[in-house]
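# Structural overview for review
Residue strings, one per chain:
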Amino acid sequence: MAGVRKWWVLLGIALAAAGLIFGTPAEAATRHRQHATSTHKAKPARKAAPMRGSATDPAKDAALIIDGATGKILYARNETAERHPASLTKMMTLYMLFEALKAGKITMQTPMPVSRHAAEQKPTKLYLKRGESITVDTAIQAIVIRSANDVAVVIAEALGGTELHFAQMMTEKARALGMRETYYHNASGLPDPLQITTAMDLSVLARHLAYDFPQYYHYFALPGFKYKGTYYPTHDNLIGRYPGADGIKTGFTVASGFNLTSSVVRGGVHIIGIVMGGRTAVRRDMEMTRLLDSAFAQIESNPALVARRPVPWTAVADAGQWQPAVAGFTLPSAAQPSQSAQFAALSAVPPVSDTEDEDVAESRRAPDENFQNLHSQAPQLASIASPPMPRPDRSGETQGKPVTVAVLPKIRPSLQSDPGEGDLDLAESAVPGHNWTIQIGAYADKAFAKAQLDAYAQKSMDVLGKAARLVVPFQSSDGHTMYRARFGLFAERKAREVCDRLTQRGQTCFAAVAAR
């Protein structure tokens, strides 16, 4: 046995000397693998069970709403938790392609060859054949609309030689943009335990896509495209259904759940949203519209909350000028039930079967899930379009430079201890062992955080009991003061039980330790 072990060691040394193990570009992948395997362990398979009424899976959930002009955080939930990006990976694939276009290395009509490796990619794809070629223009549409995995590899090999080398280039670009918690191992987002990101990093990438390459941004708003006689509609269900929505990207794998990055422009205000871990495509989209509605409500109550600047890729797209892009679609009336009520009313649906095909997964929904639920309940910004523009907040403006995002401690939100001021006295005077809270969100406006607590309590006090309403200030990663909206104080077990019951109703929350 010792002889066999010695033989393998000698073989490894010989291969390393020949540059077959640690040579570039595999060197970066090996370092990434060593890093990732120390933090990602295989989890035992769980038996399939009916989904609860909530929009997202707590184990995969993350959400973030930011001011697109400055990067200022308006709402955050699990924003620094490690998550699998799925096809949101292709946002970086496109960034690299746009960069090559801008530099003049390629043109929209440059043909890109299809290799055997590209043709063998798993669906969703265009079913390209080895030896074919596609133009850059077609590739962009296929990525944005179809989320084609074979096309992602075609781009990777055209720009990086090999997909592995391109993944290394993507990771290096992520660092240059300020995405410090993102690692790429492929160009498509197909399942890979080493492919990780955070909602915060994705918001940085979304801003750079929009503001670094406004000349190409119109692709993200396309409702569909035709290839070889077949019409492919976009997976982005907000396009044509939610006022002002103009992209950016969807994503799905079994490990990630349903992900979405959205951009919305209204009244000269640009908002970017990230939702990760959706249970179904419709519920993910409903959660996105709920958060966007809340963000625009915050802006109406506090117009100085966001910057107003020219949006480089579009004219002002306020709700009064917006027209649905889907034939026959009309916005529902304001009398529609609230998003939370809609979540609670939806039936439980079985888990998506073991498919990694985004197109198949996006098309599945419960019988009572309807895309017409994706209406806007937010104010149309008529009241905030006319006041004098506040002094621009330039704290997050790129001005041609990479956006740097401060990295918060990598602690799962459900275990996070908060250094905020607002609950210090409560924590000190609490019954021993009762130092846990239920957090419903973090908001950029204190009054809005309090209003959210009041609205939440009206619907849920039968579960929350006499829990106090806490507004806890803290400094976000972009340097602005935000406010955590919480109920407390509970024993840990009780906090988790309460949050589980609220989640079953479709309410969003997580259990968090109060400040010590």
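Residues numbered from 1 in each chain as written. Predicted model: local features only at pLDDT ≥ 70, side-chain atom pairs only at ≥ 80, totals over all residues. Heavy atoms only, no water.

### So, the pattern of salt bridges
Heads up, the condition is: The term salt bridge refers to a side-chain nitrogen of Lys or Arg lying within 4 Å of a carboxyl oxygen of Asp or Glu. By the criteria applied, helices consist of DSSP H or I runs no shorter than four residues and strands consist of E runs no shorter than two, each listed in order from the N terminus. Per-residue accessibility, obtained with a 1.4 Å probe over protein chains only, is compared with the maximum for each type, and a residue is labelled buried under 20%, exposed over 50%, and partly exposed between these values.
Taken as a whole and judged by the stated rule, the model has 12 salt bridges. One salt bridge connects Arg 146 with Asp 359, and the closest N-O pair in it is separated by 3.1 Å. Linking Arg 146 in helix α5 (residues 136–146) with Asp 359 in helix α11 (residues 358–363), this pair joins segments that are 213 residues apart in sequence. Overall, Asp 359 belongs to the partly exposed group, its relative accessible area being 29%. Put simply, Asp 454 and Arg 469 hold a salt bridge, and the shortest N to O gap is 2.8 Å.

### Concerning the nonpolar core
Note that soluble globular proteins tend to have their nonpolar side chains buried in a common cluster. Our working rule: Among the buried residues, those of types Ala, Val, Leu, Ile, Met, Phe, Trp, Tyr and Cys that are joined through side-chain atoms within 4.5 Å form a nonpolar core. Contact definition: two residues touch when any of their heavy atoms are within 4.5 Å.
Core analysis: the biggest nonpolar cluster contains 71 residues, and Met 92, Phe 98, Leu 126, Ile 140 and Val 151 have the highest contact counts within it. For this core, the element with the highest residue contribution is helix α3 (residues 90–102), accounting for nine residues. Leaving out residues up to four positions away in the same chain, Val 151 has contacts with Leu 126, Leu 128, Ile 134, Ala 139, Ala 142 and Ile 143.

### Description of the confidence of the model for the protein chain
Keep this limit in mind: Predictor confidence is given residue by residue as pLDDT, running from a minimum of 0 to a maximum of 100.
The predicted model of the protein chain averages 76 in pLDDT, with 68% of residues at 70 or higher. Confidence drops under a pLDDT of 50 for residues 4–33, and excluding neighbours within four residues, the segment shows 23 contacts in the predicted structure. In the model, residues 35–51 has pLDDT below 50 throughout and makes 20 contacts with residues more than four positions away in sequence or in other chains.

### Examining the packing of helix α6 (residues 149–160) against helix α7 (residues 163–177)
Inclusion rule: Axis definition: a line fitted to C-alpha atoms, limited for helices to the stretch in contact. Angles are taken between N-to-C directions and run from 0 to 180 degrees. Any angle that falls under 35 degrees is termed roughly parallel, while one over 145 is termed roughly antiparallel, one within 65 to 115 roughly perpendicular, and all others oblique. In this classification, Asp, Glu, Lys and Arg are treated as charged, Ala, Val, Leu, Ile, Met, Phe, Trp, Tyr, Cys and Pro as nonpolar, and every other residue, Gly included, as polar.
Following both chains from N to C, one finds α6 and α7 inclined at 80°, their axes separated by 8 Å at the closest point. Taken together, α6 and α7 sit at an angle that is classed as roughly perpendicular. Residues Val 153, Ala 156, Glu 157, Leu 159 and Gly 160 of α6 touch α7, and the partners they reach there are Glu 163, His 165, Phe 166 and Met 169. Within the contact of α6 with α7, the residues separate by chemical class into five nonpolar, two polar and two charged.

### As for the environment of Ala 361
Position of Ala 361 relative to the elements: it lies in helix α11. The class for Ala 361 is buried, based on a relative accessible area of 0%. In this structure the C-alpha to C-alpha distance between Ala 361 and Ala 281, which are 80 residues apart in sequence, comes to 7.8 Å.

### What about the pairing of strand β2 (residues 73–77)?
Across a regular strand the side chains alternate sides, sitting on one face of the sheet and then on the other. Applied cut-off: Any two strands between which DSSP finds at least two bridges are classified as paired.
Extensive coverage of β2 is indicated by the burial of five of its five residues. As defined by bridge partners, strand β1 (residues 62–67) adjoins β2 across four bridges and the pair is classed as antiparallel. The residue of β2 that forms the bridge with Leu 64 is Ala 76. Counted along the chain from β1 to the antiparallel partner β2, the turn is five residues long, and its residue Gly 71 has a positive phi close to 85°. Sheet topology note: the β2/strand β10 (residues 436–443) ladder contains two bridges and is antiparallel. The residue bridging Ala 76 from the neighbouring strand is Ala 442, located in β10.

### Section: α5
Most of α5 is tucked away: 10 of the 11 residues are buried. For α5, the full list of buried residues reads Val 136, Thr 138, Ala 139, Ile 140, Gln 141, Ala 142, Ile 143, Val 144, Ile 145 and Arg 146. Residue Ser 147 follows α5 closely and has a positive phi angle near 60°.

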